[in-house]
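Commentary on secondary and tertiary structure
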Amino acid sequence: MPTALVTGIGGQDGSYLCELLLQKDYTIHGLLRQRSSAPCMSEHMSHLAASIKNFRARVILHVGDVLDPFCILKILSTVSPPIDEIYHLAAQSHVALSFHLQLYTCDVNALGTVRILQAITTLGLQARVKFYNACSSEMYGQAAQSEQDEKTPFQPVSPYASSKAFSFWLVASARIAYGLFAVNGILFNHESPRRGLDFVTRKISHGVAQIHLGNACTIELGNLDARRDWGHARDYMRGVYDMMHQRAPEDFVLATGESRSVRDFAEAAFRVVGVELRLLSWSGVGTKEIGLDRRNGQIQVKVNEELYRPAEVWHLQGCASKAWEAFNWKPDVSFEDLVREMVEADIALLKAQNGMPMKSKI
Ligand code: NDP
Ligand code: GDR
């Protein structure tokens with residue numbers, strides 16, 4: 001039975017990857033941060049623990065932090081059977097927050113990757129361990145190309161994107177210097193009902209659910225014109241697994257090839273609950289645009305310029321033809337089905353919580 005170490009196992013991608021690896025009979029070691037308010041298992045992990053047979057024997061959780069090199073050294077040097085594959089997903093993954101927490105973001109995302117790579121080589125594991133690094137389409141930044149692939153130059157415009165570009169080159173150089181089987185996945189945005197509430201898709205699906213259930217009147221958003229290539233996280237974790245099982249280590253883009261604006265996402269989410277939006281310009285203080293429900297004229301969306309970023313990535317649209325040619329990867333879930341799944345899941349969640357509101361911070 002193969003053995004994997006997953007950092008960031010409690011996040012969106014970690015939980016889908018964990019499910020996939022369990023289907024493939026892996027023993028999983030997961031790195032989780034300790035929270036002051038125990039238990040440290042995230043909502044997704046608790047859900048998996050409850051639904052998967054023998055979860056505790058098959059998923060061994062280690063409290064740790066990628067800021068502390070000894071956590072990784074200890075896991076890699078002590079677990080038995082030894083780790084075959086490392087999926088490094090842990091990150092300060094919020095782009096807007098990275099402008100406020102620049103040093104911290106670089107420490108976790110860039111130096112966190114250095115710590116793991118150095119642990120591998122210090123223990124002399126480079127010939128037996130495979131390494132996956134979670135890189136991002138954000139690295140393309142304001143790239144001139146209308147479609148981005150593995151050959152498109154990086155032009156990061158945030159501390160988050162710069163930290164991921166740093167980690168990309170570390171991994172690429174570890175491949176050359178040590179012969180490590182190391183792969184960078186350049187993944188475009190992928191979402192799901194397990195997405196954090198501070199990312200725009202979940203903020204919208206959760207906000208639409210709140211409005212639908214009568215718990216709220218409006219959603220406040222930032223830039224509606226930014227365009228993203230949105231897919232489903234489960235499809236992307238399937239691609240990540242396949243990248244790690246090629247004959248030779250190479251970097252791959254995963255994307256749907258379709259780009260939509262934040263406005264498109266908001267309109268699609270409202271359509272799920274039968275609301276047709278009309279967006280109007282308005283000159284209120286700090287508010288630029290409002291979305292009206294066409295039928296009753298109620299304001300459902302407000303744009304607050306305070307939520308704009310100091311530097312924006314305006315257009316992302318990926319080309320995943322290399323992944324298609326190498327391992328027949330393509331996404332299964334369409335944009336409309338993704339939006340519907342997210343809105344319906346939030347309605348069900350809120351009903352189960354008796355309409356108790358969950359607050360979004362950013
Ligand atoms: P999440 O933010 O949902 O998950 C990140 C996880 O990393 C969380 O569980 C978090 O723990 C953990 N983490 C953060 N800091 C540390 C630390 N110092 N030590 C240990 N663990 C830490 O992100 P996703 O699951 O969406 O993304 C996974 C990876 O893929 C990230 O690296 C992200 O940057 C990258 N990525 C994501 C994309 C997407 O669209 N989702 C696209 C491209 C790349 P805690 O729960 O305690 O906060
Ligand atoms: P992103 O995702 O920055 O692409 O990073 P996010 O959902 O945060 O933003 C997408 C776009 O929406 C605009 N936007 C808002 N964003 C947030 N969070 N909140 C708002 O209210 C809001 N209004 C408009 C943003 O300006 C932006 O243009 C995600 C993360 O998962 C990264 O870790 C990952 O690397 C990239 O996707 C690919």
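By convention here, each chain's residues receive numbers from 1 onward along its written sequence. Both sets of labels track the order of writing: A upward for chains, 1 upward for ligands. Owing to the predicted nature of the model, reporting of local features is limited to residues with pLDDT of at least 70; listing and counting of side-chain atom pairs is limited to 80 or more, with chain, interface and lining totals taken over all residues. As a convention, hydrogens and water are excluded, and side-chain values are obtained from all of the structure's heavy atoms.

A few points about the confidence of the model for the protein chain
As a reminder of what qualifies: The predictor reports its confidence for every residue as pLDDT, a score running from 0 up to 100.
Per-residue confidence for the protein chain gives a mean pLDDT of 93, with 94% of residues at or over 70. Interface scoring of the predicted complex returns ipTM 0.99; its pTM is 0.96.

Topic: the nonpolar core
Spelled out, the test is: Throughout, nonpolar core names a set of buried Ala, Val, Leu, Ile, Met, Phe, Trp, Tyr and Cys residues whose side chains join them through atoms within 4.5 Å. Think of it in three bands: with a 1.4 Å probe and only protein chains considered, a residue is buried below 20% of the maximum accessible area for its type, exposed above 50%, and partly exposed in between. Between two residues, a contact is recorded if the distance between any of their heavy atoms is within 4.5 Å.
Core analysis: the biggest nonpolar cluster contains 37 residues, and Leu21, Ile28, Tyr87 and Tyr132 have the highest contact counts within it. In this view, tyrosine 87 contacts Ala4, Leu5, Val6, Thr7, Leu17, Leu21, Tyr26, Tyr132, Val240, Tyr241, Met244 and His245; residues no more than four positions away in its chain are not counted.

Topic: the pairing of strand 5 (residues 130-136)
The test is simple: Helix and strand labels come from DSSP, where a helix needs a run of H or I of at least four residues and a strand needs a run of E of at least two; each type is numbered from the N terminus. Here, any two strands with at least 2 DSSP bridges between them count as paired.
Summarising burial for strand 5: six of the seven residues are buried, a large majority. Direction of pairing for strand 4 (residues 85-88) relative to strand 5: parallel, over a ladder of four bridges. Within the sheet, the bridge partner assigned to glutamate 85 lies in strand 5 and is lysine 130. Where strand 5 lies against strand 6 (residues 181-187), seven bridges are found, and the strand directions are parallel. Pairing of alanine 134 across the sheet is with glycine 185, part of strand 6.

Brief notes about unusual backbone geometry
Backbone torsion omega between serine 80 and proline 81 reads -5°, so that peptide bond is classified as cis. As for its placement among the helices and strands, proline 81 is situated in the loop between helix 4 (69-78) and strand 4. If you check the backbone angles, asparagine 54 has positive phi at about 55° while not being a glycine. Considering the arrangement of structural elements, one finds asparagine 54 in the loop between helix 2 (43-51) and helix 3 (55-58). By relative accessible area, asparagine 54 is classed as exposed at 53%. In the Ramachandran plot, asparagine 328 falls in the positive-phi region, its phi being about 55° despite a non-glycine side chain. One can find asparagine 328 in the loop between helix 11 (321-327) and helix 12 (335-352). You can call asparagine 328 exposed: its relative accessible area is 54%.

Some words on helix 12
The condition that has to hold: The span you would expect from a helix comes to 1.5 Å times its residue count less one. When we speak of the arc, we mean the arc of directions from the helix axis to the C-beta atoms.
For helix 12, spanning 18 residues, the distance from its first C-alpha to its last is 26 Å, which sits close to the expected 26 Å at 1.5 Å a residue. Among the residues of helix 12, Phe335, Leu338, Val339, Met342, Val343, Asp346, Ile347 and Leu350 are the ones counted as buried. Take helix 12 and look down its axis: the buried residues cluster within an arc of 160°, on one side only. Structural note: helix 12 exposes Lys351 and Ala352 on the side pointing more than 90 degrees away from its buried face. Of the surrounding secondary structure, the elements contacted by the buried residues of helix 12 are strand 7 (190-191), helix 8 (200-212), strand 10 (231-232), strand 12 (260-261) and helix 10 (262-272). Downstream of helix 12 by one or two residues, asparagine 354 has phi in the positive range, about 60°.

Some thoughts on the pattern of salt bridges
Our working rule: Here, a salt bridge means any side-chain nitrogen of Lys or Arg that lies within 4 Å of a carboxyl oxygen of Asp or Glu.
In the structure shown here, the tally under the stated rule is 16 salt bridges. The salt bridge involving glutamate 138 is made with arginine 228; its shortest N-O contact spans 3.5 Å. Highlighted residues: glutamate 138 in the loop between strand 5 and helix 7 (159-178) and arginine 228 in strand 9 (residues 227-228), separated in sequence by 90 residues. Since its relative accessible area comes to 6%, glutamate 138 is described here as buried. Judged by its relative accessible area of 7%, arginine 228 falls in the buried class. The partner of lysine 322 in a salt bridge is glutamate 250, with the nearest N and O atoms 2.9 Å apart. With a gap of 72 residues between them, lysine 322 in helix 11 and glutamate 250 in the loop between helix 9 (233-243) and strand 11 (252-254) connect regions that are remote in the sequence. Accessibility expressed as a relative area gives 25% for lysine 322, which makes it partly exposed. Take glutamate 250: its relative accessible area is 37%, and that puts it in the partly exposed class. Look at the salt bridges and you will find they share partners, linking Glu138, Arg228 and Glu312 into a network.

Brief notes about the site of ligand 1
Worth spelling out the cut-off: Think of it this way: one heavy atom of a residue within 4 Å of a molecule or strand is enough to make that residue near it. In protein, a polar contact means a hydrogen-donor-capable atom and an acceptor-capable atom, both N or O and within 3.5 Å, with residues adjacent in sequence counting only if both atoms are side-chain atoms; elsewhere, any N or O pair within 3.5 Å suffices. Throughout, the ten residues Ala, Val, Leu, Ile, Met, Phe, Trp, Tyr, Cys and Pro are labelled nonpolar, Asp, Glu, Lys and Arg are labelled charged, and all others, Gly among them, are labelled polar.
Around ligand 1, the structure places 24 residues, and the nearest of them are Arg33, Asp65, Ser93, Tyr160 and Lys164. Between ligand 1 and histidine 190 there is a distance of 2.9 Å, counted from an oxygen atom to a backbone nitrogen or oxygen. Within the side chain of arginine 195, a nitrogen or oxygen atom sits 3.3 Å from an oxygen atom of ligand 1. Residue assignment for the shell around ligand 1 shows that the elements contributing at least two residues are helix 1 (12-23), strand 5 and helix 7. For the shell around ligand 1, the element with the highest residue contribution is strand 5, accounting for three residues. The residue makeup of the shell around ligand 1, split by class, is ten nonpolar, eight polar and six charged.

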